[in-house]
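Residues per chain are reported as follows:
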Amino acid sequence: MADIESLTEEFRACQKILLALGDENRQHMILELMQLGNCNGVRVGTIMERTHLSRPAVSHHIQILKDAGILKMRRERTKNFYYFDADTDAMQRLLQMLQHAKELMEALPDRSGAED
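**Observations concerning the overall build of the protein chain**
Looking only at helices and strands, the protein chain features six helices and two strands. Along the protein chain, helices and strands appear, N-terminal first, in the series α-α-α-α-α-β-β-α. A compact globule built from 116 residues would reach a C-alpha radius of gyration of about 13 Å, whereas the protein chain, at 18 Å, exceeds it by more than 25%. Across its three principal directions, the C-alpha atoms of the protein chain cover 60 × 30 × 25 Å. When each of the 116 residues of the protein chain is scored for burial, the buried share is 28%. Restricting to contacts in the protein chain with at least 6 residues of sequence separation, those with at least 24 account for 54%. Entry remark: accessible area of the protein chain is about 8200 Å², with carbon and sulfur atoms responsible for 52%. Within the protein chain, the 18 negative side-chain charges are centred at a point lying 17 Å from the centre of the 15 positive side-chain charges.

Next comes the structure, spelled out in structure tokens:
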């Protein structure tokens, strides 16, 4: 039971990144940013063009991705550029939680009722 409690805490610690990655619009944004391949960052207008989302929607999704530690912003005068720079600690916590969940599931007996 301690393993499940530990996994529960690990899951809670990963909720921001799971929320950020779990939304279809944010997944689309991430994929489009990856396909652009611009490591120096892109502006909101470019993201709008690639995703066909409104400026407020793009800004909302950017904020969630920033809060989760997936995107960062750099400013040049009055222009903001968004780029990937994932929080390595958050990513490591996510990977550890997924590995722990996998190990717990592998240790469980078959509960499907199917015969071998």
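Continuing now.
**Here's the deal with helix H3 (residues 24-36)**
Helix length check: H3, at 13 residues, gives a terminal C-alpha distance of 18 Å against a target of 18 Å (1.5 Å per residue), a fit within 8%. Buried within H3 are the following residues: Arg26, Met29, Ile30, Glu32 and Leu33. Across the axial projection of H3, the buried residues extend over an arc of 165°, all falling on one side. In H3, those exposed residues whose orientation departs by more than 90 degrees from the buried face are Glu24, Met34 and Gln35. Where H3 is buried, its residues contact helix H2 (15-22), helix H4 (44-51), helix H5 (55-67), strand S1 (71-76) and strand S2 (79-84).

**Digging into the nonpolar core**
With 23 residues, the main nonpolar core has Ala20, Met29, Ile47, Val58, Ile62, Leu65 and Ile70 as its most contacted residues. Where this core is concerned, the elements lending two or more residues are H2, H3, H4, H5 and helix H6 (88-107). Apart from residues lying up to four places away in sequence, Ile70 is in contact with Ile17, Ala20, Leu21, Leu65, Tyr83, Phe84, Asp85 and Ala86.

**Overview of the environment of Gln15**
Relative to the helices and strands, Gln15 resides in helix H2. Judged by relative accessible area, Gln15 falls into the partly exposed class, the value being 44%. Taking the C-alpha atoms as reference points, Gln15 and Ala68, 53 residues apart in sequence, are found 8.8 Å from one another.

**Observations concerning unusual backbone geometry**
Unusually for a residue other than glycine, His52 sits at a positive phi of about 60°. Mapping His52 onto the fold places it in the loop between H4 and H5. Not every positive phi belongs to a glycine, and Arg77 is a case in point at roughly 55°. Summarising the element assignment, Arg77 is placed in the loop between S1 and S2.

The rules we used
- Residues numbered from 1 in each chain as written.
- Predicted model: local features only at pLDDT ≥ 70, side-chain atom pairs only at ≥ 80, totals over all residues.
- Heavy atoms only, no water.
- Helix = DSSP H or I, 4+ residues; strand = E, 2+ residues; numbered from the N terminus.
- Rg over C-alpha atoms; globule rule 2.2 N^0.38 Å.
- Buried < 20%, exposed > 50% of the residue type's maximum accessible area, 1.4 Å probe, protein only.
- Contact = heavy atoms within 4.5 Å.
- Areas by Shrake-Rupley, 256 points an atom, 1.4 Å probe, with all protein chains shown as cover.
- Lys, Arg positive; Asp, Glu negative; His and termini not counted.
- Charge placed at Lys NZ, Arg CZ, Asp CG, Glu CD.
- Expected span 1.5 Å × (residues − 1).
- Arc of directions from axis to C-beta.
- Core = buried A, V, L, I, M, F, W, Y, C linked by side-chain atoms within 4.5 Å.

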